[in-house]
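# Summary of the model geometry
Chain residues, written in single-letter form:
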Amino acid sequence: AVVSTQSTGEFSHPKSLTRDTAKYKPFKELSKGNTPSLKKLCKEILKTDIQESTHDSVEDAQYALQLYRTHRATWERSIKRHKKKAQKRVSVDENDQSSSDDALED
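Reading the values: rules and limits
- Residues numbered from 1 in each chain as written.
- Predicted model: local features only at pLDDT ≥ 70, side-chain atom pairs only at ≥ 80, totals over all residues.
- Heavy atoms only, no water.
- Salt bridge = Lys/Arg side-chain N within 4 Å of Asp/Glu carboxyl O.
- Helix = DSSP H or I, 4+ residues; strand = E, 2+ residues; numbered from the N terminus.
- Buried < 20%, exposed > 50% of the residue type's maximum accessible area, 1.4 Å probe, protein only.
- Phe/Tyr/Trp six-rings, centres within 6.5 Å; stacked < 30°, edge-to-face > 60°.
- Contact = heavy atoms within 4.5 Å.
- pLDDT = per-residue confidence, 0-100.

One pass over the structure, following the stated rule, counts two salt bridges. The closest approach of N and O atoms between Glu-76 and Arg-19, which form a salt bridge, is 2.8 Å. Highlighted residues: Glu-76 in helix H3 (residues 57-105) and Arg-19 in strand S2 (residues 19-20), separated in sequence by 57 residues. Using a relative accessible area of 22% as the deciding quantity, one classes Glu-76 as partly exposed. Overall, Arg-19 belongs to the buried group, its relative accessible area being 8%.

What follows is the structure in structure tokens.
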């Protein structure tokens, strides 16, 4: 379940603010690396049964948000670490390109 950022008509959020419970690594580990279902996550983490008789998208959104809030601090730290690693890779790539350009000028 995706928490947040799809356009809802009036509101639109940046992709960087999307948190997808199916892609969060600690949640995926509960399913041995597979994509975990929201139903399974709620059962395992929140100790709550959902989607018992009918599918309710409002209920799904509420529980997805509850899962996010339960793990917000670690989730956000992991995103910051990931962004820093990506920035370092870009910086290294730019330095490598700069070195190549310098070599061509010699």
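Okay, the packing of aromatic side chains next. Scanning the entire structure with this criterion turns up four aromatic pairs. Plain terms: the ring middles of Tyr-24 and Trp-75 are 4.0 Å apart, the flat faces sit at 10° to each other, and that makes the pair stacked. You can see Tyr-24 sitting in the loop between S2 and helix H1 (25-29) and its partner Trp-75 sitting in helix H3, a full 51 residues away along the chain. Taken individually, Tyr-24 and Trp-75 each receive the classification buried, so the pair is uniform in this respect. Grouped by ring-pair contacts, the aromatic residues Tyr-24, Phe-27, Tyr-68 and Trp-75 constitute a single cluster.

Here the focus is the environment of Lys-39. Note on placement: Lys-39 falls in helix H2 (residues 38-46). The class for Lys-39 is partly exposed, based on a relative accessible area of 39%. Look past the residues within four positions of Lys-39 in its chain and what remains in contact with it is Ile-50, Gln-51 and Glu-52.

Across the protein, the average pLDDT comes to 82, with 75% of residues at or above 70. Averaged over each element, pLDDT in the protein is lowest for strand S1 (residues 2-3) (60) and highest for H2 (95).

Time to look at the side chain of Ser-31. Locating Ser-31 in the fold gives a position in the loop between H1 and H2. Residue class for Ser-31 comes out buried when judged on its relative accessible area of 11%. In contact with Ser-31, not counting residues within four places along its chain, are Pro-36 and Lys-40.

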